[in-house]
Amino acid sequence: MLNRLNLLNHARVLSKNQAGVNSSYSSTVSQVVDTTAPVITLSKPSGTVITSNIVVVAKTNEKAVCQGREGTNSYTNFAFTNTTYHETSVTLSSGSGTKTFDIKCADAVKNERTASLSITVDTSATPSTVTLQVPSVFTDSIVTTNVSVKTSSGAGLGEIGKSQFTVKIGGNQKPFSMFDQGNGNYTLQFTSPTTNGSYSY
């Protein structure tokens with residue numbers, strides 16, 4: 001039982017049967033007050049991004065509602081939240097430079113924690129190296145492969161849109177899905193050729 005000061009109280013319970021005989025008291029029952037705020041893990045973006053239009057992803061160790069803001073703007077709810085995974089699209093202030101995006105998450109009893117995400121925006125950055133995996137798969141099956149994109153300084157280059165990727169197998173363009181994992185790491189999915197062989201892509 002909790003009193004108005006949110007202190008821990010104890011209760012002892014007994015029951016009475018139809019003959020009016022009381023049972024013995026139960027063991028002491030206690031209830032613990034939740035005073036621990038959700039732990040926030042910032043997933044993306046990270047590294048250098050090429051645009052101010054970004055997707056922010058955070059995770060919490062318990063169900064929570066997360067909000068975010070840049071600078072002194074008002075906090076707004078993430079587009080997808082009220083779970084342990086939180087995602088929202090954000091348009092940062094224009095221009096290149098280091099931006100700060102603040103996130104706060106609260107659990108069901110309003111325990112709240114904040115975290116800050118430092119984002120380096122470089123709208124003139126270009127890929128210097130693209131590293132591909134060499135998957136071995138069956139014919140006509142879904143291929144999942146990771147791609148790493150870095151600048152000349154070795155920094156991961158994030159928030160590259162799908163429209164800026166092209167997947168070709170044996171010279172033929174293929175439809176594909178793309179997932180930005182942050183810090184210049186991307187996961188691509190496409191269907192393998194229907195004929196056995198080795199293909200460049």
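Now for a quick tour of the structure. Per chain, residue numbering runs from 1 following the sequence as it is written. Two thresholds apply to this predicted model, a pLDDT of at least 70 for residue-level local features and 80 or more for giving and counting side-chain atom pairs, whereas whole-chain, interface and lining totals are computed over all residues. Values shown for side chains rest on all heavy atoms present in the structure; no hydrogens or waters enter the calculation.

Moving on, we get to the overall build of the protein. Counting from the N terminus, the helices are the DSSP runs of H or I reaching at least four residues and the strands are the DSSP runs of E reaching at least two. Within the protein, the secondary structure is distributed over 0 helices and 16 strands. Type-normalised accessible area, obtained with a 1.4 Å probe on protein chains alone, sets the label of each residue: buried when under 20%, exposed when over 50%, and partly exposed for intermediate values. Counting the 201 residues in the protein, one finds 31% classified as buried. In the protein, the share of contacts with a sequence separation of at least 24, taken over all contacts with a separation of at least 6, comes to 52%. Carbon and sulfur atoms form 48% of the exposed surface of the protein, whose accessible area is close to 12,500 Å². Contacts are assigned to residue pairs that have any heavy atoms within 4.5 Å of one another. The accessible surface values rely on the Shrake-Rupley method and a 1.4 Å probe; as for residues, cover is taken only from the protein chains in view.

The pocket and cavity definitions rest on a 1 Å grid over protein atoms only: a 1.4 Å probe that fits but cannot leave marks a cavity, an open set with protein on both sides within 12 Å along at least five of seven lines marks a pocket, and residues lining either have an atom within 4 Å of a point. Grid points are joined across faces, edges and corners, and a volume is the space filled by probe spheres set on the points. By volume, the largest pocket is sized at about 350 Å³. Three categories are distinguished: nonpolar for Ala, Val, Leu, Ile, Met, Phe, Trp, Tyr, Cys and Pro, charged for Asp, Glu, Lys and Arg, and polar for the others, with Gly belonging to the last. Looking at the lining of the largest pocket residue by residue, the class counts come to 10 nonpolar, 8 polar and no charged. The computed volume of the second largest pocket comes to approximately 230 Å³. Among the secondary structure elements, those contributing two or more residues to the lining of the second largest pocket are strand E3 (40–44), strand E5 (53–70), strand E7 (83–91) and strand E15 (177–182).

We now examine the packing of aromatic side chains. Ring pairs are drawn from Phe, Tyr and Trp, using the six-membered ring of Trp, whenever the two centres fall within 6.5 Å, and their geometry is named by plane angle: stacked under 30 degrees, edge-to-face over 60, tilted for the rest. Counting across every chain of the model gives 2 aromatic pairs. Geometrically, a lysine NZ or arginine CZ counts as sitting over a ring once it is within 6 Å of the ring centre and also within 35 degrees of the ring normal. The ring of Tyr75 is capped by Lys104, whose NZ or CZ atom sits 4.4 Å from the centre of that ring. The cationic tip of Lys162 hangs over the ring face of Phe176; the distance from NZ or CZ to the ring centre is 5.1 Å.

Counting rule for disulfides: a pair of cysteine sulfur atoms within 2.5 Å. Taken as a whole and judged by the stated rule, the model has 1 disulfide. Note that Cys66 is cross-linked by a disulfide to Cys105, the S-S spacing being 1.9 Å. Taking the sign of the S-S torsion, 105° for the link of Cys66 and Cys105, the bridge is right-handed. Of this pair, Cys66 sits in strand E5 while Cys105 sits in strand E8 (residues 97–106), and the two are 39 residues apart along the sequence. You can call Cys66 buried: its relative accessible area is 0%.

A word on the nonpolar core. The term nonpolar core refers to a set of buried residues drawn from Ala, Val, Leu, Ile, Met, Phe, Trp, Tyr and Cys, joined through side-chain atoms within 4.5 Å. The biggest cluster of nonpolar side chains holds 17 residues, and the ones touching the most others in it are Ile54, Val56, Leu92, Phe101, Ile103 and Ile119. Elements with a contribution of two residues or more to this core: E5, E8 and strand E9 (112–121). For this core, the element with the highest residue contribution is E5, accounting for 5 residues. Once residues lying within four places of it in the same chain are set aside, the contact partners of Val56 are Lys44, Pro45, Phe78, His86, Glu87, Thr88, Val90, Phe101, Ile103 and Leu117. Judged by nonpolar contacts, the second largest core, of 15 residues, contains Ala125, Val143, Val149 and Val167.

With that out of the way, let us pick up unusual backbone geometry. For the bond from Lys44 to Pro45, the omega torsion is 0°, close enough to zero to count as cis. Its location among the elements puts Pro45 in the loop between E3 and strand E4 (48–49). Look at Asn82: it is not a glycine, yet its phi comes out positive at around 65°. Assignment of secondary structure puts Asn82 in the loop between strand E6 (76–77) and E7. The phi dihedral of Lys110 is positive, around 75°, even though this residue is not glycine. Within the fold, Lys110 resides in the loop between E8 and E9.

So, about the side chain of Lys99. Mapped onto the elements of the fold, Lys99 is located in strand E8. When charges are counted, neither His nor the chain ends are considered; positive counts come from Lys and Arg and negative counts from Asp and Glu. We define a salt bridge as a contact between a side-chain nitrogen of Lys or Arg and a carboxyl oxygen of Asp or Glu at a distance within 4 Å. For the buried Lys99, no salt bridge is present, and the opposite-charge side chain at shortest range is Glu70, 5.1 Å distant. For the purposes of these results, a polar contact is taken to be a pair of N or O atoms within 3.5 Å, where, inside protein, one atom must be able to donate a hydrogen and its partner to accept one; residues adjacent in sequence count only when each atom of the pair is a side-chain atom. In terms of polar contacts, Lys99 uses its side chain to reach the backbone carbonyl oxygen of Ser93, at 3.1 Å. In this structure Lys99 touches Glu70, Leu92, Ser93, Ser94, Leu117, Ser118, Ile119 and Val121, once residues within four positions along its chain are discounted.

Next up on the list: the sheet that holds strand E11 (residues 142–150). The strand order E10-E11-E16-E15 describes an open sheet built from 4 strands, whose pairing is antiparallel. Here the strands that pair on one side only, and so sit at the sheet edges, are strand E10 (129–132) and E15. Put simply, the sheet's adjacent strands are angled 25° from each other on average, direction ignored. Here, strands pair whenever DSSP counts at least two bridges between them. Throughout, an axis means a line fitted to C-alpha atoms (over the contacting stretch in the case of helices), and angles, computed between N-to-C directions, take values from 0 to 180 degrees.

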